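A structural walkthrough
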Amino acid sequence: MASSKDRQRKLARAKLDRQMARRAVKERRRRRMYAGVGAGVAVLLIVAGIAWIGGAFDSDDTTNAADQDICAWTPQSATSNTNLKDVGTPPTKDFPVDGTETMTVKTDQGDPIEVTLDVTSSPCGAASLRYLASKNFYDNTTCHEITTYGAIHCGDPSGTNLGGPTYSVYSENTPTAPDPSASTAPAGKTPLYPKGTVALIGNPPGTNGSQFLIFFKDYSPATPEYSIVGSVTGGMPTVDKIAKIPTVANDIGDKVKPTKKITITSLTVGQTAASAAPSASAQS
C-alpha cells in the first residue's frame, strides 16, 4: 500500500505535468500569433512600398518655393529700447528674390545717390529696405556719422546708433574674413568693402534694422561685420562731397559727428531687374 508521502509526490508530479502542458499550449499560441503579425507587417510593408512608388504618400498640398517663407524677422522691443520706431514688419515671402533694384537716396547735399541693390545676394536686406522705404521711414532723417574707416552712416532716425524698426534681420552677405597671412599678400588685392559699397550695420552685428553704410573709400577690416546689400551706381560726387564734411567728437568722444547736418529728404526702392517672384504689397 502506497504511503502518504508517495501519494503527495504523485499528485505534485501530476500538477507539474499539467502546468507544463498549459505552458506549452500558450507558447504555441504565442508563436502562431507572432508569425501572423509578422506576415501581416510584411504584407503592409509590401503594400506601402508599392503605394510609395506610386506616389500615394505625396502631399496633396504641394509646396513650392513661392509658398515658403524667405525671410525671418526677429522682433525688437520698443519698450526696452525707446529709440526704435514701430512701423510693422515686412512680409516673409512673395517678393523679389533675385535680380537688382534701385534705391534712390535724395539728400540736401547734391544730386540723388543711386544704389543698385543686389537682391540675389541679399533678398531679405533688400526686402527690409523696400518695406521701410514704403513706410517713408527714412524721410527727413539724418546721416549722423562719417566714420573713421571711410563710410557715411545713415538710417537711424534717433541718431544714437540704437534706432531702427521693431524688428531685425540677419546678415546675408558679409564678406569672408581675410586669411591671417593676408598681410603678406601682394598689393592690389580686392578690398572687402570697395568704395561705393552699401552695407547694413547692426548693433550688435548681425541684428540689422534700418541703418546702413555708404563707403566712400576702400575698407578691409580684419573681421568683417557688415552685410553688403548693393553699391553706388550714380551720384558718387554727392557721396564724395559728404565725405569731406569735417567731423567733431560725439557724445562718447568719437570724432564722427559731421559739423554740417546731412538730411535724407526721401529714400525710395524700385525693382529694375525681373525676378521669379512678384512683389508683395507692404504689410502693416
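Just so we're clear, the structure is a prediction, and the values are computed from it rather than from any experiment.

1. So, the packing of aromatic side chains
Evaluated as defined, the whole model comprises eleven aromatic pairs. With a centroid separation of 5.4 Å and an interplanar angle of 75 degrees, the aromatic rings of Trp73 and Tyr167 are classed as edge-to-face. Of this pair, Trp73 sits in the loop between helix H1 (4–53) and strand S1 (74–75) while Tyr167 sits in strand S9 (residues 167–168); the two residues are 94 residues apart in sequence, bridging distant segments of the chain. Residues Trp73 and Tyr167 agree in their burial class; the two are buried. Aromatic ring contacts, followed pair by pair, group Tyr149, Tyr193, Phe215, Tyr219 and Tyr226 into a single cluster.

2. Let's talk about the state of the cysteines
Within this structure, the stated rule accounts for two disulfides. The residue that forms a disulfide with Cys71 is Cys124, at a sulfur-sulfur distance of 2.0 Å. Sign of the S-S torsion, about -100 degrees for the bond between Cys71 and Cys124, identifies this disulfide as left-handed. Here Cys71, found in the loop between H1 and S1, pairs with Cys124, found in helix H2 (residues 123–134); they are 53 residues apart in sequence, far enough to count as distant. This pair shows no difference in class: Cys71 is buried, exactly as Cys124 is. Paired by a disulfide, Cys143 and Cys154 hold their sulfur atoms 2.0 Å apart. Because the sign of the S-S torsion sets the handedness, a value of about 100 degrees for the bond joining Cys143 and Cys154 places this disulfide among the right-handed ones.

3. A short note on H2
The end-to-end C-alpha distance of H2 is 16 Å, a good match for the 16 Å that twelve residues give at a rise of 1.5 Å each. Most of H2 sits out of view: eleven of its twelve residues are buried. Of all the residues in H2, the buried ones are Pro123, Cys124, Gly125, Ala126, Ala127, Ser128, Leu129, Arg130, Tyr131, Leu132 and Ala133. One or two steps after H2, the chain reaches Asn136, where phi turns positive at roughly 55 degrees.

4. Overview of unusual backbone geometry
Note the cis peptide between Asn203 and Pro204, where omega equals 5 degrees. Its location among the elements puts Pro204 in the loop between strand S10 (197–202) and strand S11 (208–215). Of note, the phi angle at Asn136 is positive, near 55 degrees, even though the residue is not glycine. The phi torsion at Asn161 lies on the positive side, around 75 degrees, for a residue other than glycine. Among the structural elements, Asn161 can be located in the loop between strand S7 (151–154) and strand S8 (164–165).

5. Describing the nonpolar core
Among soluble globular proteins, nonpolar side chains are generally buried collectively. Grouped together as the largest cluster of nonpolar side chains are 41 residues, with contacts concentrated most on Met103, Phe212 and Leu267. If sequence neighbours within four positions are ignored, Leu267 has contacts with Met103, Thr104, Val105, Ala133, Tyr138, Asp139 and Phe212. In this structure, Ala151, Leu192, Ile201 and Tyr226 belong to the second largest nonpolar core, which totals ten residues.

6. A short note on helix H3 (residues 236–243)
Listed in full, the buried residues belonging to H3 are Met236, Thr238, Val239, Ile242 and Ala243. Each buried residue of H3 lies within a common arc of 155 degrees when the element is viewed along its axis, so the set occupies one face. Considering only its buried residues, H3 is in contact with strand S3 (100–107), strand S4 (113–118), strand S6 (145–146), S7, S11 and strand S12 (227–234).

7. Some remarks on the environment of Lys195
For Lys195, the position within the fold is in the loop between S9 and S10. Along the sequence, Lys195 and Tyr219 sit 24 residues apart, while their C-alpha atoms lie 7.6 Å from each other. Not counting the four nearest positions on each side in its chain, Lys195 is found in contact with Phe215, Phe216, Lys217, Asp218, Met236 and Asp240. There is a polar contact of 3.4 Å between the side chain of Lys195 and the side chain of Asp240.

8. Some remarks on the pairing of strand S14 (residues 255–258)
As defined by bridge partners, strand S13 (residues 247–249) adjoins S14 across three bridges and the pair is classed as antiparallel. Within the sheet, the bridge partner assigned to Val248 lies in S14 and is Lys257. In sequence, S13 turns back onto S14 through a hairpin of five residues, with Gly253 there showing a positive phi of about 95 degrees.

Conventions and cut-offs
- Residues numbered from 1 in each chain as written.
- Predicted model: local features only at pLDDT ≥ 70, side-chain atom pairs only at ≥ 80, totals over all residues.
- Heavy atoms only, no water.
- Phe/Tyr/Trp six-rings, centres within 6.5 Å; stacked < 30°, edge-to-face > 60°.
- Helix = DSSP H or I, 4+ residues; strand = E, 2+ residues; numbered from the N terminus.
- Buried < 20%, exposed > 50% of the residue type's maximum accessible area, 1.4 Å probe, protein only.
- Disulfide = S-S within 2.5 Å.
- Expected span 1.5 Å × (residues − 1).
- Core = buried A, V, L, I, M, F, W, Y, C linked by side-chain atoms within 4.5 Å.
- Contact = heavy atoms within 4.5 Å.
- Arc of directions from axis to C-beta.
- Polar contact = N/O pair within 3.5 Å; in protein donor to acceptor, adjacent residues only side chain to side chain.
- Pairing = 2+ DSSP bridges.

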